[in-house]
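# Commentary on secondary and tertiary structure
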Amino acid sequence: MMMLITYDVSFETDGGEGRLRRIAKHCLDYGVRAQYSVFECDVTPDQWVALKAKLLNTYDPKCDSLRFYHLGSKWRNKVEHHGAKQAVDVFKDTLIL
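Read on for an overview of the structure. Computed from a predicted model, the values in this text were never measured in an experiment. (Residues numbered from 1 in each chain as written. Predicted model: local features only at pLDDT ≥ 70, side-chain atom pairs only at ≥ 80, totals over all residues. Heavy atoms only, no water.)

## What about helix 2 (residues 45-58)?
Threshold: By definition, any uninterrupted DSSP run of H or I lasting at least four residues is a helix, any uninterrupted run of E lasting at least two residues is a strand, and each is numbered from the N terminus. A helix's residues, less one, multiplied by 1.5 Å, set its expected span. We call a residue buried when its accessible area falls under 20% of the maximum for its residue type, exposed when it is over 50%, and partly exposed in between, using a 1.4 Å probe and counting protein chains only. An arc is given here, and it is the one of the directions from the helix axis to the C-beta atoms. Any two residues having at least one pair of non-hydrogen atoms within 4.5 Å are treated as being in contact.
An ideal rise of 1.5 Å per residue puts 20 Å on 14 residues; helix 2 measures up with 20 Å between its terminal C-alpha atoms. Taken as a whole, helix 2 has its buried residues at Trp48, Leu51, Leu55 and Thr58. Buried residues along helix 2 cover an arc of 100° about the axis, so they all sit on one side. Facing away from the buried side of helix 2 by more than 90 degrees, the exposed set consists of Pro45, Asp46, Val49 and Asn57. Tucked into the core, helix 2 has its buried residues touching strand 1 (2-8), helix 1 (16-30), strand 3 (38-42) and strand 4 (65-72).

## A few points about the state of the cysteines
Where we set the bar: The disulfide criterion used throughout: a pair of cysteine sulfur atoms within 2.5 Å.
Scanning the model with the defined rule gives 0 disulfides in all. Free of any disulfide, cysteine 27 has its nearest neighbouring cysteine sulfur in cysteine 41, separated by 5.3 Å. When its relative accessible area of 0% is taken as the criterion, cysteine 27 is described as buried.

## Section: the pattern of salt bridges
We apply this condition: Salt bridge, as used here: a side-chain nitrogen of Lys or Arg that lies within 4 Å of a carboxyl oxygen of Asp or Glu.
By the definition in use, this model includes 3 salt bridges. With a closest N to O distance of 2.6 Å, arginine 19 and aspartate 64 form a salt bridge. Here aspartate 64 lies in the loop between helix 2 and strand 4 and arginine 19 lies in helix 1, a separation of 45 residues in the sequence. Comparing arginine 19 with aspartate 64, the two get one shared label, buried. In this structure, the salt-bridge partner of lysine 62 is aspartate 60, at a minimum N-O distance of 3.7 Å. Using a relative accessible area of 77% as the deciding quantity, one classes lysine 62 as exposed.

Worth remembering: the numbers are spatial, not functional.
Okay, here's the thing in structure tokens:
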């Protein structure tokens, strides 16, 4: 299932930069960056449970925010992109690392 994850981390509190890096790393472990604080993650239900737990254990609910958008398995019909920086469809295109 495709999950769109967005976040906003406060730098006005201690550890904000570290939380930001850890949240981004957790998201990169499961998906690709669509924009600076936006990730597209194609995960199984078990992977989603693990990723969500990592994110909820990392952010500070008093000053940070997380949003999870459940796009499901038919997400391609729900996403429309325009403009520069066309994203690579890692779930369809061939990637050479």
